[in-house]
Amino acid sequence: MRRTTLLLAALLLAGCQGGQRGSGDEQIKRLELRVQQLEERQAKQAGSDARDSSGKAPAGPVKSLTFRMGTADDRLRIYWADGSTSDLPCTKEQGTWACG
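Basis of the calculations
In this numbering scheme, every chain counts its residues from 1 along its sequence in written order. In view of the model being predicted, local features appear only for residues whose pLDDT reaches at least 70, and side-chain atom pairs are presented and counted only at 80 or more, with totals across whole chains, interfaces and linings using the full set of residues. Derived side-chain values reflect all non-hydrogen atoms in the structure, with water molecules and hydrogen atoms excluded from consideration. Only strands that DSSP links by at least two bridges are regarded as paired with each other. Runs of H or I in DSSP of at least four residues are treated as helices and runs of E of at least two as strands, each being numbered from the N terminus. Think of each axis as a best-fit line through the C-alpha atoms, taken over the contacting stretch in the case of a helix, with angles from 0 to 180 degrees between the N-to-C directions. Salt bridges are defined by distance alone: a side-chain nitrogen of Lys or Arg within 4 Å of a carboxyl oxygen of Asp or Glu. Residue burial is assigned from relative accessible area. The probe radius is 1.4 Å, only protein chains are included, and a residue is buried under 20% of its type maximum, exposed over 50%, and partly exposed in between. Working rule for contacts: check all heavy atoms of both residues, and any pair within 4.5 Å makes them a contact.

1. A short note on the pairing of strand β2 (residues 75-80)
Here comes step 1: Alignment of strand β1 (residues 62-68) against β2, held across six bridges, turns out to be antiparallel. Of the residues in β2, the one forming a bridge with Val62 is Trp80.
Here comes step 2: Counted between consecutive antiparallel strands, the loop separating β1 from β2 contains six residues, among which Gly70 sits at a positive phi close to 80°.
Here comes step 3: Bridge count for β2 against strand β3 (residues 85-93) is five bridges, and the pairing is antiparallel. Looking across to β3, one finds that Arg75 is bridged to Pro89.
Here comes step 4: Here β2 folds back onto β3 in antiparallel fashion, the turn holding four residues, of which Gly83 has a positive phi close to 95°.

2. Things to note about the sheet that holds β1
Here comes step 1: With antiparallel pairing, four strands are arranged side by side in an open sheet as β1-β2-β3-β4. Of all the strands in the sheet, just β1 and β4 (96-99) have a single pairing partner and so form its edges. Looking at each pair of strands side by side, their axes are set apart by 25° on average, direction ignored.

3. So, unusual backbone geometry
Here comes step 1: A positive phi is found at Gln94, a non-glycine position, where the angle reads about 50°.
Here comes step 2: Looking at the secondary structure, you find Gln94 in the loop between β3 and β4.

4. Observations concerning the pattern of salt bridges
Here comes step 1: For the structure on display, the rule yields two salt bridges.
Here comes step 2: With a closest N to O distance of 2.6 Å, Arg77 and Asp87 form a salt bridge. Taken together, the positions of Arg77 in strand β2 and Asp87 in strand β3 put the pair 10 residues apart, joining distant regions of the chain.
Here comes step 3: The exposure class assigned to Asp87 is partly exposed, which follows from its relative accessible area of 32%.

5. Details of the side chain of Arg75
Here comes step 1: As for its position among the elements, Arg75 is in strand β2.
Here comes step 2: Setting aside residues no more than four positions away along its own chain, Arg75 makes contact with Thr66, Phe67, Arg68, Asp87, Leu88, Pro89 and Cys90.

Below, the structure written as structure tokens:
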């Protein structure tokens, strides 16, 4: 969905530009390349949550934990020895905190 939205926005912006006209295929290829670059950059920035595509946390020891409660984003944050972090959302249920 996000890729489609980005591609549509890029096509609209390219269509609004006057002047130089390249072939439609060239423009689409350039836009697809740009979308791919943006997705790769976004994936790198989102890399602070170190889960892989299977949803598993990284292998290795835990360095520390923090628990945030009473805020808009109650969570348990795990700091891994490799420098990455994982966030588990938390809710208070029947007087007990549940995270995960």
